[in-house]
Structures are given as structure tokens and as C-alpha cells.
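Coordinate analysis (summary)
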Amino acid sequence: MNTHKALLAVLLVPLCATLAAAPAAYAATPGETAATAFRSPEAALGRVAHPLHTTEPGGNLADLRPFGGMVGDARVVGLGEATHSSHEFFTVKHRVLRYLVKEKGFRAFALEAPWSTGLRLDAYLTRGEGDLKRLMDEEFQGAYRFWNTAEYRDLLQWMRAYNVKHPEDPIRFVGDDNGFAGAELYDKVSAYAAEARPELTSRLTELYRGLRPTTDADTYVNQYLAKPLAERKQLAERTGRAVDLLKQRSGKGADAYAWALQHATAIHQMTTLYAFDWDDPQAIPHAMRYRDRVMADNVTWWQQQTGDKIVLGAHNSHVALKTYAPSSHPQVQGDFLREQLGRGYLSVGLTFDRGSFNALGQDGDVHRFAVGPAAPGTAEHTLDRVRYRDFLVDLRDTPATARAWLAAPHIVKNIGATYPGIADAPQIRLAKTHDVVIHLQQVEAAHMLR
């Protein structure tokens, strides 16, 4: 097994896809009366569903007002996706972000991307540092290539335009993942030590020796994963000692110390992830649990450090309250966030009936794939028979017929970075997995820029 290729295949959700529900508004069948019509789950859901007038980000946001009520006092809203690269999933997230910024005071967008990527994009969004195309090309590589799209470019451009108009109250960008630790993390930790803890400078330099990236992200990760496991474990032990040194006592300024410690922690999160034995199938669940816990910890840290309310973008299987695949992912980001934030975390799953997406094929290259209407018995088959083409529904407040259906296990589409994947038919209980569902009748592949 090729270690680095195996890791890149699973890093962006090793769950994957089921074949897909023929779209139709609910209509009573011959012999069915109005009194019995609501006995079907799709009809019951139709009573409480709210239609979306568009999936595009611009224009009137009035149809999202019911969603604002569903969000309530949540401080983190996790917006999922059933594929990693479909246009409508990205544009719906963009649209929801606009609404939550305007109406609910949200001020950060977190993405399944490295912590260092988040810092660079945040500097661009808040201070205009760098060129957006170059930043996206440099940061969205390897496992994160699916974010290098026209849709995310448009979202980031909107955030930048907003911040130019509101420099005192900007929208921030958070990278919550640990697949890479960019050079700026080492530079920030070193700069803090030189200013506040100069006695640590030489020790940190030694502990970080050979770790600061000098190549592009994709090359760095591939070269790092080619190192022997014993060496990767030694590197993780070294970065852990760097964190411990900073923890011994704070230097000047509580805020500066908190950020420096978090940057050092992000470095250690990467080395720890890559210190797992990716050639051992029994190690994979532990590695995946660690990764999801890191992503939750980083979101919670940002929320508590800054006070920002956060829109979190990730795959359905990460934002979920319960895992889609217990054998490979024992506990996921949304589950950790619910533990950490309670009802301050809201999980929103995004589903679709049919359409297309980008994913890695069996040859390792990116291809456009398509799936047809969902099969009877799947979750999407029922959702697509609700009375609206595209809609959102609060799963916590539904009629009895819908509650019974939501409590039962149903197959869902769950398409990750590779297609087909290793868990083609996960069965989930929607009522226990998400608080809200946004269902779209059809999606198209996102527009990749590179």
C-alpha cells in the first residue's frame, strides 16, 4: 500500500457514495383522501418544509427567514454537503453565510482546510494581503484541491468586498483541518518567542529543525508521508515538546500568547496525524477520530477566543451529530462540537436527488461523475417527493409520521473525494444525525479552476 496516496484518498472523507429519488411534488394517489394523504412521510415533511426560491447567493434572502429561526442562538452552524464538489452545495453555503452575516451576526467562515491556510486567507480578507488567485492555487492543493473552484472564489470575493465596507466588523476565515502546517505557523511561533520568551528561541529552532516547509503544500505532504513511520513519530514527539515549552508559562500579553500556543498546537496536530500508521487498517479509525476531534477543537477555540459566531463548511459526514461510518469514523466533528458547545452547535445536512460532481477516479485523476434518480427506499427518494423542488426542514419539529420515518435507518448518498468509495451505502437515522436538512432536487459539478 502506498502510504501517501492512501492518506490523500481518505483525508477528504473516506465515506463515499450511494446511487441515488425521482423528483415529484406529492400528490394523492387514486383512492387516497385528504385525511390519509399526510400519513406518508413526504407529505408530513411537506407540511413543515420551507421552499428555497434559489440556490444562487445573490438577490433576496427572505426565503431564509425560517432558517434563522432554526438557528436560534447557535454559535456554530455546520453546513454539510453530500459531495465534495457540486456547484449548488457551495452556492447554498455562500447564500446561507450572507444571510447569517446580515441577520444573525455571524462573523466567521470555517472550512475543512489547514489552519495555516485559514491564516493566509484571513489576512487577504481582512487586510488585503496577497493575491486571491495565487493564494487559492498555493493553498488548495492535494487533498484540498476541490476548494479551488469558481464558487469558493466568488464566496471569498464577497467576503473581501464586505470587509472593505465594514473594516471594523469583518468576516474572518478559519481553516480547521490538520493536513498541512504552512511556513507562517513556524514564523509566528518563532516571532512570539523572540519577543516574549527569548530564552526559548534556540530550543524551538532545534525542535522545529527540518519541519518548516520550503516547497509547495502538495510536494511537502507527499515527501513527509514518504518518511519512515519511526521518523514521523519522532517529529510528532518534537512538536509536542515545543507545545509543552510554551505551556510552561505565558509571556507578554495574554492574547498574543494564546495565538502563539494555538499556532504551535496546529503544527503538532499535523505531525500527530501523520504519525499514525496509515498502512495498518486498524490504525485508520483512530487517525480519523483524531482528525475530526482536531477540526472540532479548532472551531471551538476560535469561537471562544474571538467570540465570533461561525458558519462551518464541511462534508455531511463531518458536520453530522453521529457518524455515518462507525467502523472507519468512530466519532466525527459534529459529535465533538455538540459535546463542546451543546445546543450552541447546529448540524445542517445537504442532500440531493440526482446530478453531477467532481471526484478522484480510480486512476487518481479528477473526473466529472453523475448519478441518476435515487432508488426507492433511500432517504433521497422520500425527500425528493416532498412538495417543493428545493427546501429546508427542521427535523426537530415534524409531524408524527415524519418523526417515525426520520428515526428509521435509510441509505443516503455520501460521496467523498474518491468515487466510487469504500462506504457506498451508509445507513443513517436522519433524526439523530442532523438538526436540519436542506434538500436540492438536482446539482451540477462545481467549476474547478485548476
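As a starting point, this report considers the structure included with it. (Residues numbered from 1 in each chain as written. Predicted model: local features only at pLDDT ≥ 70, side-chain atom pairs only at ≥ 80, totals over all residues. Heavy atoms only, no water.)

Another point: the overall build of the protein chain. On a plain count of helices and strands, the protein chain comes out with 19 helices and 11 strands. Its C-alpha atoms give the protein chain a radius of gyration of 22 Å, within 12% of the compact-globule value 22 Å for 450 residues. Its C-alpha atoms give the protein chain principal-axis dimensions of roughly 85 × 50 × 35 Å. When burial is assessed residue by residue, the protein chain has 60% of its 450 residues classed as buried. For the protein chain, the computed accessible surface area is about 17400 Å², with 51% contributed by carbon and sulfur atoms. Charge-centre separation for the protein chain: the mean point of 51 positive side chains lies 3 Å from the mean point of 51 negative side chains. (Helix = DSSP H or I, 4+ residues; strand = E, 2+ residues; numbered from the N terminus. Rg over C-alpha atoms; globule rule 2.2 N^0.38 Å. Buried < 20%, exposed > 50% of the residue type's maximum accessible area, 1.4 Å probe, protein only. Areas by Shrake-Rupley, 256 points an atom, 1.4 Å probe, with all protein chains shown as cover. Lys, Arg positive; Asp, Glu negative; His and termini not counted. Charge placed at Lys NZ, Arg CZ, Asp CG, Glu CD.)

Counted by the stated rule, this structure contains 26 salt bridges. Asp 169 is the partner of Arg 107 in a salt bridge, and the nearest nitrogen-oxygen pair spans 2.9 Å. Of this pair, Arg 107 sits in the loop between α5 (87-104) and β3 (108-114) while Asp 169 is found in the loop between α8 (150-165) and β4 (172-177), placing the two residues 62 residues apart along the sequence. Taking the relative accessible area as the measure of exposure, Arg 107 reaches 13% and is therefore buried. Ionic pairing is found between Arg 291 and Glu 112, a salt bridge with its closest N-O pair at 3.0 Å. (Salt bridge = Lys/Arg side-chain N within 4 Å of Asp/Glu carboxyl O.)

Attention shifts here to α5. Between the first and last C-alpha of α5 there are 25 Å, a value that for 18 residues agrees with the 26 Å anticipated at 1.5 Å per step. Within α5, 14 of the 18 residues are buried, which leaves the element mostly enclosed by the surrounding structure. (Expected span 1.5 Å × (residues − 1).)

The first and last C-alpha atoms of helix α14 (residues 284-306) sit 33 Å apart over 23 residues, in line with the 33 Å expected at 1.5 Å per residue. The first or second residue beyond α14 is Gly 307, which carries a positive phi of 85°.

Structurally, Ser 328 can be placed in the loop between α15 (316-319) and α16 (333-341). Judged by relative accessible area, which is 14%, Ser 328 ranks as buried. As a C-alpha pair, Ser 328 and Ser 356 span 28 residues in sequence and 26 Å in three-dimensional space. One polar contact links Ser 328 to His 329, side chain to side chain, over a distance of 3.1 Å. (Polar contact = N/O pair within 3.5 Å; in protein donor to acceptor, adjacent residues only side chain to side chain.)

So, on to the side chain of Arg 238. Take Arg 238: it is sitting in helix α12 (residues 229-247). No salt bridge is formed by the buried Arg 238; the nearest opposite charge belongs to Glu 206, separated by 6.1 Å. Excluding residues within four positions of it along the chain, Arg 238 makes contact with Glu 206, Leu 207, Tyr 208, Arg 209 and Leu 211. (Contact = heavy atoms within 4.5 Å.)

A word on the layout of surface pockets. Taken as a whole, the second largest pocket spans an internal volume of roughly 290 Å³. The wall of the second largest pocket is formed by 15 residues, among which Leu 119, Arg 127, Lys 188, Trp 259 and His 263 lie closest to the centre. At the level of elements, α6 (115-127), α9 (183-196) and α13 (254-273) are the ones that each hand at least two residues to the lining of the second largest pocket. Considering every element that reaches the lining of the second largest pocket, the biggest residue donor is α6, with 5 residues. Considered class by class, the residues forming the lining of the second largest pocket number 7 nonpolar, 1 polar and 7 charged. (1 Å grid on protein atoms, 1.4 Å probe; cavity = no way out; pocket = protein on both sides within 12 Å on 5 of 7 lines; lining within 4 Å. Points joined across faces, edges and corners; volume = space filled by probe spheres on them. Nonpolar A, V, L, I, M, F, W, Y, C, P; charged D, E, K, R; others polar.)

What follows deals with the packing of α12 against α13. The geometry of α12 relative to α13 is characterised by a closest axis approach of 8 Å and an angle of 165° between their N-to-C directions. Between α12 and α13, the angle falls in the class roughly antiparallel. Here α12 and α13 pass one another in a crossing that is left-handed. Mapping the contact onto sequence places Arg 232, Leu 235, Ala 236, Thr 239, Gly 240, Val 243, Leu 246 and Lys 247 in α12 and Tyr 257, Ala 260, Leu 261, Ala 264, Thr 265, Ile 267, His 268, Thr 271 and Thr 272 in α13. (Axes fitted to C-alpha atoms, helices over the stretch in contact; angles between N-to-C directions. Parallel < 35°, antiparallel > 145°, perpendicular 65-115°, else oblique. Left-handed = near helix turned anticlockwise from the far one by under 90°.)

Below, the discussion takes up the packing of aromatic side chains. Within this structure, the stated rule accounts for 20 aromatic pairs. The interplanar angle of 75° and the centroid separation of 5.5 Å between the aromatic rings of Phe 180 and Tyr 220 together place this pair among those described as edge-to-face. You can see Phe 180 sitting in the loop between β4 and α9 and its partner Tyr 220 sitting in helix α11 (residues 217-225), a full 40 residues away along the chain. Note on accessibility: Phe 180 and Tyr 220 belong to one class, buried. (Phe/Tyr/Trp six-rings, centres within 6.5 Å; stacked < 30°, edge-to-face > 60°.)

Further remarks concern the pairing of strand β8 (residues 391-394). Taking every second residue as pointing to the same face, both faces of β8 are buried, with Phe 391 and Val 393 on one and Leu 392 and Asp 394 on the other. Examined bridge by bridge, β8 and strand β11 (residues 436-443) share 4 bridges and lie antiparallel to one another. Paired with Val 393 across the bridge in β11 is Val 437. (Pairing = 2+ DSSP bridges.)

With an omega dihedral of -10°, the bond running from Tyr 419 to Pro 420 counts as a cis peptide bond. Its location among the elements puts Pro 420 in the loop between β9 (410-411) and β10 (427-428).

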